[in-house]
Amino acid sequence: MAKTRMMTRKGECYLCGYVGQTEEHHCFGGPNRKLSEHYGLKVYLCIPCHRTGPNAVHDSKNGSENRQILHEDAQRAFEAHWGSRGYFMEVFGRNYLDEE
Ligand SMILES: [Zn+2]
Ligand SMILES: [Zn+2]
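The text that follows walks through the structure, step by step, so that each part is easy to find. Each chain has its residues counted from 1, running along the sequence as written. Key to labels: chains lettered from A, ligands numbered from 1, both in the order written. Per-residue local features are limited, in this predicted model, to residues with pLDDT of at least 70; the limit for side-chain atom pairs, both in listing and counting, is 80 or more; totals at the level of whole chains, interfaces and linings are taken over all residues. The side-chain quantities take in all heavy atoms of the structure and omit both hydrogens and water.

**What about the pairing of strand β1 (residues 22–26)?**
Quick reminder of the rule: Each residue gets one of three labels from its accessible area relative to the maximum for its type: buried under 20%, exposed over 50%, partly exposed in between, using a 1.4 Å probe on protein chains only. Numbering of helices and strands runs from the N terminus, with a helix taken as a DSSP run of H or I at least four residues long and a strand as a DSSP run of E at least two residues long. Two strands pair under a simple rule: DSSP has to find at least two bridges between them.
Most of β1 is tucked away, with 4 of its 5 residues classed as buried. With 5 bridges joining them, β1 and strand β2 (residues 42–46) adopt antiparallel strand pairing. Bridge pairing links Glu23 to Leu45 in β2.

Here you go:
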């Protein structure tokens, strides 16, 4: 089936542009992790941006800003591919793009 493709390359961090070792990150975690996998809403992140840095996306307190960036970009990629905000909200249960 056709998957949504986020702009991402293995070996290049989606957030900071670091070139080197990267890890795969699912843009939507928890109960939506499987949906991220299914729709290809994944990016490659360097290890500090992913897990160990001060603003790592898996840092529950300080990662919220970076998580939001990935949520928004993933939703935009999904909508560009499927052409519908309604479908995104149907699948993921909320809208990330009008929250600021
Ligand atoms: Zn990075
Ligand atoms: Zn991750």
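This is not the end of the story, as more comes after the structure.
**Some details on the coordination of the zinc ion (ligand 1)**
Stated precisely, the cut-off is as follows: The rule for donors is simple: an N, O or S atom within 2.8 Å of the metal counts, and for Na, K and Ca the reach is 3.2 Å. Water is not among the atoms, so a site may look short of donors.
Within the protein, the zinc ion (ligand 1) binds to Cys13 (SG), Cys16 (SG), Cys46 (SG) and Cys49 (SG); these donor distances fall in the range 2.3 Å. Read N to C, the donor residues that coordinate the zinc ion (ligand 1) are spaced as C-x2-C-x29-C-x2-C. In this pair, Cys16 is assigned in the segment before β1 and Cys49 in helix α2 (residues 47–52), connecting sequence segments 33 residues apart. We classify Cys16 as partly exposed; its relative accessible area is 47%. Judged by its relative accessible area of 15%, Cys49 falls in the buried class.

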